Amino acid sequence: MSERPERWTQATVYPDMWADPADDPRNSEGPAPDGEAATLEDYLVNYRLTLRMKCEGLDAEQLARRSVPPSTMSLLGLVRHLAEVERDWRNWIREGEPQPKLYGARDADFDGALPDPALVEAAWRDLEREQAALDAALAAHPDLGERLGKQRLSVREVQVHRIEEYARHCGHADLLRECVDGRVGQ
């Protein structure tokens, strides 16, 4: 990419932020969550919101753009990847046969992230469906120490792994978004 976008932020209160505190859906003025399970859930919800915020306002071409060559990552690819891993984690805690991959072969989540509005809508639907399915499966097991599936993973381990995955990919989303249109912020 020969043309570098100008860096900018939408925030006016704190220029290193993505959005002003009053406009940030992750911002909560109330007390922190009580207990381990609520804390884990809060972190997961906030990272999910961060990913959405990093993708907001972009069209299909921008979402599918591989803006940090030689990486094959794109924002749309990240959305598809996270839908795929939510399904993978659900497969890990299942006793029965695993559900098939959403997008097929290895790296198809990134390779199939094409600049098509229908694919963008489908990716968000896939992510929401897979998040809700795993959330529901884990909600049936309120004991964070309970071990599930053939690999006997604890509910805590799955939740922490989800947070780690979203946190890492939100970092990728920061760089990808800045290279797409120059928008910066935490």
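Anyway, here's the lowdown on the structure attached to this text. Note that the structure is a prediction, hence the values are computed from the model and not measured.

## Description of the layout of surface pockets
If a probe as big as a water molecule is rolled over the atoms, it shows which places are left empty.
Moving on, step 1. Estimates place the volume of the largest pocket at around 210 Å³.
Moving on, step 2. In this structure, the largest pocket is lined by 13 residues; those nearest its centre are His81, Lys101, Arg106, Asp107 and Asp109.
Moving on, step 3. For the lining of the largest pocket, the secondary structure elements donating two or more residues are α3 (75-93) and α4 (108-111).
Moving on, step 4. Examining the composition of the lining of the largest pocket, we find that four residues originate from one element, α3, more than from any other.
Moving on, step 5. The computed volume of the second largest pocket comes to approximately 180 Å³.
Moving on, step 6. What lines the second largest pocket is a set of 10 residues, among which Glu3, Arg4, Pro5, Glu178 and Cys179 lie closest to the centre.
Moving on, step 7. When grouped by side-chain class, the residues that make up the lining of the second largest pocket number four nonpolar, two polar and four charged.

## Let's talk about the side chain of arginine 26
Moving on, step 1. Turning to its location among the elements, arginine 26 is positioned in the segment before α1 (36-55).
Moving on, step 2. Exposure remark for arginine 26: the relative accessible area of 17% places this residue in the buried category.
Moving on, step 3. Side-chain polar atoms of arginine 26 contact the side chain of aspartate 24, separated by 2.8 Å.
Moving on, step 4. Engagement of the side chain of arginine 26 in a polar contact is seen with the side chain of threonine 50, the distance being 2.7 Å.

## Considering the pattern of salt bridges
Moving on, step 1. Summed over the entire model, instances satisfying the criterion amount to 20 salt bridges.
Moving on, step 2. The partner of arginine 52 in a salt bridge is glutamate 128, with the nearest N and O atoms 2.4 Å apart. Here glutamate 128 lies in helix α5 (residues 117-139) and arginine 52 lies in helix α1, a separation of 76 residues in the sequence.
Moving on, step 3. What makes arginine 52 partly exposed here is its relative accessible area of 33%.
Moving on, step 4. Linking arginine 87 and glutamate 130 is a salt bridge whose minimum nitrogen-to-oxygen distance equals 3.0 Å. Remark: glutamate 130 occurs in helix α5 and arginine 87 occurs in helix α3; sequence separation between them is 43 residues. Like glutamate 130, arginine 87 is buried.
Moving on, step 5. Each of the salt bridges in this network shares a partner with another, and the network as a whole consists of Arg87, Arg90, Asp126, Arg129 and Glu130.

Here is what the cut-offs are and how they apply
Residues numbered from 1 in each chain as written. Predicted model: local features only at pLDDT ≥ 70, side-chain atom pairs only at ≥ 80, totals over all residues. Heavy atoms only, no water. 1 Å grid on protein atoms, 1.4 Å probe; cavity = no way out; pocket = protein on both sides within 12 Å on 5 of 7 lines; lining within 4 Å. Points joined across faces, edges and corners; volume = space filled by probe spheres on them. Helix = DSSP H or I, 4+ residues; strand = E, 2+ residues; numbered from the N terminus. Nonpolar A, V, L, I, M, F, W, Y, C, P; charged D, E, K, R; others polar. Buried < 20%, exposed > 50% of the residue type's maximum accessible area, 1.4 Å probe, protein only. Polar contact = N/O pair within 3.5 Å; in protein donor to acceptor, adjacent residues only side chain to side chain. Salt bridge = Lys/Arg side-chain N within 4 Å of Asp/Glu carboxyl O.

Function cannot be inferred from these measures alone, as they are strictly geometric.
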